[in-house]
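In case you want the letters, here they are:
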Amino acid sequence: MSIFKEIKEIISEIESNLVEIRRDLHRHPELGFEEVRTAKVIATILTELGLTVKTGIARTGVVGLLEGAQAGPVIALRADMDALTIEEKNQVPYASQDKGKMHACGHDAHVTILLGAAMVLSRLKDRLPGNVKFIFQPAEEGPGGAKPMIEQGVLENPPVDRILGLHVWLDLPAGQVGLKKGPGFASVDQFDLLIKGKSAHGALPHQGVDAIVLAAQVISALQTAVSRKLDPTEPAVVTVGKIAGGYRRNIIAEEVGMEGTVRTVNPAVRTQLATTFKEIVGGICKAAGGDFELDYREGYPTLNNDDAVVELIKEVATAVVGTDHIIEPDKPTLGGEDFAYFLERVPGCFFLLGARSEAKGITAPHHNPYFDLDESVLALGVEMMVRSTLRLMEE
Ligand code: NI
């Protein structure tokens with residue numbers, strides 16, 4: 001029997017177990033750096049499979065090492081483990097049992113798929129020309145678990161040669177795989193801005209500095225930072241997502257606070273936009289006699305897939321789902337993903353696994369209280385991960 005047929009057989013053997021694991025994780029969502037129960041479930045399974053397991057990396061991270069019988073490269077596979085502060089509205093038997101927390105991005109499926117890959121690959125251990133490192137990472141939704149895991153040596157000892165990650169994707173139907181060379185996700189920066197004016201009676205604006213008028217100007221001008229200052233062919237977004245200020249209708253506001261996010265793909269544009277941002281805020285506040293405090297923080301970098309690895313994964317996807325089920329977007333999404341930190345160190349690929357099903361009514365977007373996924377993609381995800389690992393070991 002061919003190894004690919006054998007893989008398919010093992011997967012069909014474990015598929016119902018995978019569904020159970022995913023549903024168990026879905027019932028018990030945990031937020032970033034609080035994935036204690038999740039980590040325990042993972043460590044227990046990996047230990048039973050005979051892997052060398054390390055826990056408590058970057059607080060709740062787990063790493064399992066599977067050593068193949070033959071010497072060869074080290075391939076890392078990564079899953080994120082965290083849930084979101086969203087109250088689930090799905091009426092399903094496996095709905096979240098923890099009010100206000102929910103696996104609304106599919107990270108429960110990511111963990112399950114990686115555990116499934118560990119189950120399959122450990123059965124093929126005797127024929128494995130290399131080692132596999134399974135990385136279970138906390139807090140992808142923020143503040144980010146990839147960076148601290150790398151700082152704690154997760155890519156060393158043994159050093160990782162290639163790395164793979166995936167995300168279930170509700171924009172794509174189940175059965176499709178999304179692949180992109182080069183940049184796939186945007187860099188994500190954050191800002192907290194406090195605009196400071198001077199309070200006065202609402203009828204005597206000339207005696208104060210109106211922080212609300214300043215805020216309005218700043219917000220409008222920030223939009224021109226993208227539309228008038230940047231190369232229009234370069235993707236960039238400035239979003240003010242929260243604003244608060246003022247006391248009452250007849251008082252000139254002294255302060256307005258706002259929070260937002262800045263997304264770019266090109267690192268040069270990232271730097272340029274940060275500079276323009278500060279110039280706009282400073283210029284407007286100064287002209288009006290006001291002041292400001294700005295905390296502008298760099299977050300996740302742009303996620304860059306390695307073109308050669310993408311080619312190999314495309315070969316695998318062609319065999320697993322067929323050419324007509326491979327989607328290759330020509331543009332990156334401006335969403336963020338801290339798998340980017342791994343890809344800064346190790347060549348690899350982060351691919352998308354379609355999980356939408358119109359027939360099953362599974363269509364809600366990510367981070368939505370009605371989010372769910374077509375569980376048939378668990379088996380498909382395992383097959384993609386396992387076969388991709390083998391393909392990368394051949395290189
Ligand atoms: Ni996610």
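Residues numbered from 1 in each chain as written. Predicted model: local features only at pLDDT ≥ 70, side-chain atom pairs only at ≥ 80, totals over all residues. Heavy atoms only, no water.

Re the overall build of the protein
Quick note on the threshold: Each helix corresponds to a stretch of at least 4 residues labelled H or I by DSSP, and each strand to a stretch of at least 2 residues labelled E; elements are numbered beginning at the N terminus. Here the globule rule is a power law, 2.2 Å times the number of residues to the power 0.38, and the radius of gyration is based on C-alpha atoms. Burial here depends on accessible area, computed with a 1.4 Å probe over protein chains only, as a share of the maximum for the residue type. Under 20% is buried, over 50% is exposed, and the range in between is partly exposed. Here the positive residues are Lys and Arg and the negative ones are Asp and Glu; neither His nor the chain ends is included. Where a charge sits is defined by one atom per residue type, namely NZ (Lys), CZ (Arg), CG (Asp) or CD (Glu).
Tallying secondary structure elements over the protein gives nine helices and 16 strands in all. Rg of the C-alpha trace for the protein: 24 Å, near the compact-globule value of 21 Å for 395 residues, within the 12% margin. When its C-alpha atoms are laid out on the principal axes, the protein stretches across 85 × 45 × 40 Å. Looking at the protein as a whole, 53% of its 395 residues are labelled buried. The averaged location of the 54 negative side-chain charges in the protein is 3 Å from the averaged location of its 40 positive side-chain charges.

Digging into the coordination of the nickel ion
Operational definition: Water is not part of the atom set, so a site may look incomplete; the donors themselves are N, O and S atoms within 2.8 Å of the metal, or 3.2 Å for Na, K and Ca.
In the first shell of the nickel ion, the protein supplies Cys 105 (SG), His 107 (NE2) and His 167 (NE2), at 2.2 to 2.3 Å from the metal. Along the chain, the residues that donate to the nickel ion are spaced as C-x1-H-x59-H. Here the residue His 107 occupies a position in helix H3 (residues 107-123), and His 167 occupies one in strand S5 (residues 162-173), the gap between them amounting to 60 residues. Using a relative accessible area of 0% as the deciding quantity, one classes His 107 as buried. Note on His 167: relative accessible area 3%, which makes it buried.

What to know about the sheet that holds S5
So the rule is basically this: The pairing criterion is simple: DSSP has to find at least two bridges between the two strands. Two residues qualify as a contact provided that any one of their heavy atoms is within 4.5 Å of a heavy atom in the partner residue. With axes taken as lines fitted to C-alpha atoms, and helix axes fitted only over the stretch in contact, angles between N-to-C directions fall between 0 and 180 degrees.
As summarised here, the arrangement of the eight strands in space is S1-S2-S4-S3-S5-S16-S6-S15, forming an open sheet in which the pairing is mixed. The sheet is open, and its two edges are formed by strand S1 (52-57) and strand S15 (326-327), each paired on a single side. Direction of pairing for S5 relative to strand S16 (residues 348-356): parallel, over a ladder of eight bridges. Bridging across to S16, Ile 163 finds its partner in Gly 348. Strand contacts of helix H2 (residues 36-48): S1, strand S2 (61-67) and strand S4 (129-137), with the helix running at about 10° to S2, the strand carrying the most contacts. Sheet contacts for helix H7 (residues 307-320): S5, strand S6 (177-178), S15 and S16; angle to S16, the most-contacted strand, approximately 35°.

Section: the sheet that holds strand S10 (residues 236-245)
The four strands are arranged S10-S12-S8-S13 in an open sheet whose pairing can be described as antiparallel. On the outer flanks of this sheet lie S10 and strand S13 (291-298), each paired with one strand and no other. Averaged over all neighbouring strand pairs, the angle between strand axes comes to 15°, with direction disregarded. Pairing between strand S8 (residues 187-196) and S13: eight bridges, direction antiparallel. Paired with Leu 194 across the strands is Glu 293, a residue of S13. Packing of helix H5 (residues 211-229) onto the sheet brings it into contact with S8, S10 and strand S12 (255-264), and relative to S10 it is tilted by some 170°. Across the face of the sheet, helix H6 (residues 267-287) comes into contact with S8, S10, S12 and S13 while running at roughly 170° to S13.

By themselves, these observations are geometric and do not establish any function.
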